[in-house]
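Remarks on the overall topology
For reference, the chains in residue letters:
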Amino acid sequence: MATLQAVLFDVDGTLADTERDGHRPAFNMAFKAAGLDWSWDESLYGELLAVTGGKERIRFYLEKFNTKFAKPDNYDEFVKGLHASKTEFYKQLMAEGKIPLRSGVERLISEAKAEGLRMAIVTTTTPANVTALLESTLGADSESWFEVIAAGDIVPAKKPAPDIYVWALEQMNLTADDAIAFEDSINGFKSSAGANLKTIITINEYTKEDDFTGAELVLDQMGEADDAFTVLAGDAAGHTYLDMALVRKIHAG
Ligand code: XBP
Ligand code: MG
């Protein structure tokens, strides 16, 4: 295995619990603003997460859960407009700063930065949403810490397709052996594993039943010295929280 050169971070569910507390309410706000009586509760949203991408998720909802809705003639534009409105609401929610990073995320990113590792964001969410989350949690200039922001419609085939990871690695002129990915969901893991990346999973409420067979390490959270993780699969080599020393061991192992 090559020396670790880069760390690739998923965003939603991995850096913060944005799905339940950010995206879901933002979708609902956009529906309301458009005069639609649709409402995505936490449980329905869990089912809708089967499909990545907000525009794709709206279409999936209308195909599987709200089939009686009469689609307008300009359906593509309708979905795009609804999604653009959702992005505005999402940015507002992030600006309010109510969604914290998950345990250990800020520390791990700082460690990786201090050790000179190259960093990238690899996500299916809209680029503006990445900016909004990073700025509200890590500070105004934090986006610049990431050499590549691979996000949204940059590749047509979103996760679980490997394309977005392949694209990010190409941009960085790296091979999969040079990097490691952090993910939280089966769609994300299929994408990173499909790009041949070793992957560390931190589950959340929506993804705790997903099948992560083949992931190097499955944790409930990255954790801190005073907030230990629980190891769900893999070998944490006696560590109690995820630091760069453990990340390097996992990558080399
Ligand atoms: C995130 C997604 C995104 C967000 C919504 O997946 O699937 O679609 O839920 O963002 P991942 P947009 O964590 O694997 O990147 O509405 O901007 O698409
Ligand atoms: Mg995710």
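What counts, and at which threshold
- Each chain has its residues counted from 1, running along the sequence as written.
- Naming scheme: in the order in which they are written, chains are lettered from A and ligands are numbered from 1.
- For a predicted model such as this one, the threshold for reporting local features is a pLDDT of at least 70, and the threshold for listing and counting side-chain atom pairs is 80 or more; totals across whole chains, interfaces and linings nevertheless cover every residue.
- In computing side-chain properties, one takes all heavy atoms of the structure into account and sets aside hydrogens as well as water.
- For the domain bounds, the source is a domain assignment made automatically or taken from a database.
- Any two residues having at least one pair of non-hydrogen atoms within 4.5 Å are treated as being in contact.
- In short, buried area is how much 1.4 Å probe accessible area vanishes from two parts on joining, totalled over both.
- Near, as used in this document, describes a residue that has one of its heavy atoms within 4 Å of the molecule or strand being considered.
- Here a polar contact means two N or O atoms within 3.5 Å. Within protein one must be a hydrogen donor candidate and the other an acceptor candidate, and residues neighboring in sequence count only if both atoms are side-chain atoms.
- Per-residue accessibility takes into account occlusion by the displayed protein chains alone, with areas from the Shrake-Rupley method and a 1.4 Å probe.
- A run of H or I in DSSP becomes a helix once it reaches four residues, and a run of E becomes a strand once it reaches two; helices and strands are each numbered from the N terminus.
- The nonpolar class holds Ala, Val, Leu, Ile, Met, Phe, Trp, Tyr, Cys and Pro. Asp, Glu, Lys and Arg form the charged class, and all remaining residues, Gly among them, are polar.
- Two strands make a pair as long as DSSP finds a minimum of two bridges between them.
- In this analysis an axis means a line fitted to C-alpha atoms, helices contributing only their contacting stretch, and an angle means the value between N-to-C directions, from 0 to 180 degrees.
- Computed over the protein atoms alone on a 1 Å grid, cavities are sets of points where a 1.4 Å probe fits but cannot get out and pockets are open sets with protein on both sides within 12 Å along at least five of seven lines; a residue lines them when it has an atom within 4 Å of a point.
- Grid points are joined across faces, edges and corners, and a volume is the space filled by probe spheres set on the points.
- For this document, the term salt bridge refers to a Lys or Arg side-chain nitrogen within 4 Å of an Asp or Glu carboxyl oxygen.
- Only protein chains enter the accessibility calculation, which uses a 1.4 Å probe; a residue is then buried when its area is under 20% of its type maximum, exposed when over 50%, and partly exposed in between.

**Focus: the domain arrangement of the protein chain**
- Segmentation of the protein chain into domains returns domain 1 (6-16 + 100-252) and domain 2 (19-95).
- One C-alpha centre belongs to domain 1, the other to domain 2; they are set 25 Å apart.
- On the domain 2 side, the residues contacting the 14 residues of domain 1 number 19 residues.
- When the buried surface of domain 1 facing domain 2 is broken down by residue, D12, N129 and Y206 rank first, second and third, together holding 41% of it.

**With respect to the site of ligand 1**
- Lining the immediate environment of ligand 1, one finds 18 residues, of which G54, R57, H83, K86 and T126 sit closest.
- At a separation of 2.7 Å, an oxygen atom of ligand 1 approaches a polar side-chain atom of T125.
- Protein coverage of the free-state accessible area of ligand 1, which is 450 Å², stands at 98%.
- Listed by contribution, the elements that provide at least two residues to the shell around ligand 1 are α1 (18-33), α3 (54-64) and α4 (75-95).
- Broken down by class, the residue content of the shell around ligand 1 amounts to two nonpolar, 10 polar and six charged.
- Residues from two domains meet in the shell around ligand 1; each of domain 1 (6-16 + 100-252) and domain 2 (19-95) gives at least three.

**Here's the deal with the sheet that holds strand β4 (residues 179-183)**
- Read from one edge to the other, the open sheet built from seven strands follows the order β3-β2-β1-β4-β5-β6-β7, with strand pairing classed as mixed. Edge positions in the sheet fall to β3 (148-150) and β7 (231-234), since each has one partner strand and no second. This sheet shows a mean twist of 15 degrees between the axes of neighbouring strands, independent of strand direction.
- Examined bridge by bridge, strand β2 (residues 118-122) and β3 share three bridges and lie parallel to one another. Directly across from I121, in β3, lies its bridge partner I149.

**So, the layout of surface pockets**
- As a volume, the largest pocket reaches approximately 540 Å³.
- Lining the largest pocket are 39 residues, with D12, E19, L49, R57 and S185 positioned closest to its centre.
- Those elements giving two or more residues to the lining of the largest pocket turn out to be α1, α2 (42-48), α3, α4 and α8 (186-194).
- The leading source of residues in the lining of the largest pocket is α1, at four residues.
- When its residues are assigned to classes, the lining of the largest pocket shows five nonpolar, 18 polar and 16 charged.
- Of the residues that make up the lining of the largest pocket, three or more belong to each of domain 1 (6-16 + 100-252) and domain 2 (19-95).

**Focus on the pattern of salt bridges**
- As enumerated under the stated definition, the model contains 17 salt bridges in all.
- As a salt-bridge pair, D10 and K159 come within 2.9 Å of each other at their nearest N and O atoms. Here K159 lies in the loop between β3 and α7 (163-172) and D10 lies in the loop between β1 (6-9) and α1, a separation of 149 residues in the sequence. As far as the burial class goes, D10 and K159 line up, both buried.
- The residue E42 makes a salt bridge to R24 at a minimum N-O spacing of 3.9 Å. With E42 in helix α2 and R24 in helix α1, the pair connects residues that are 18 residues apart, well separated along the chain.
- Judged by relative accessible area, E42 falls into the partly exposed class, the value being 42%.

**Re the pairing of β1**
- Along β1, one buried face is formed by A6 and L8 and the opposite face, lined by V7 and F9, is buried too.
- Of the pairings in the sheet, the one linking β1 to β2 comprises four bridges and is parallel in character. Opposite V7, over in β2, you have M119 as the bridge partner.
- Note that β1 and β4 share four bridges and pair parallel. Counterpart to A6 in the pairing with β4 is A179.

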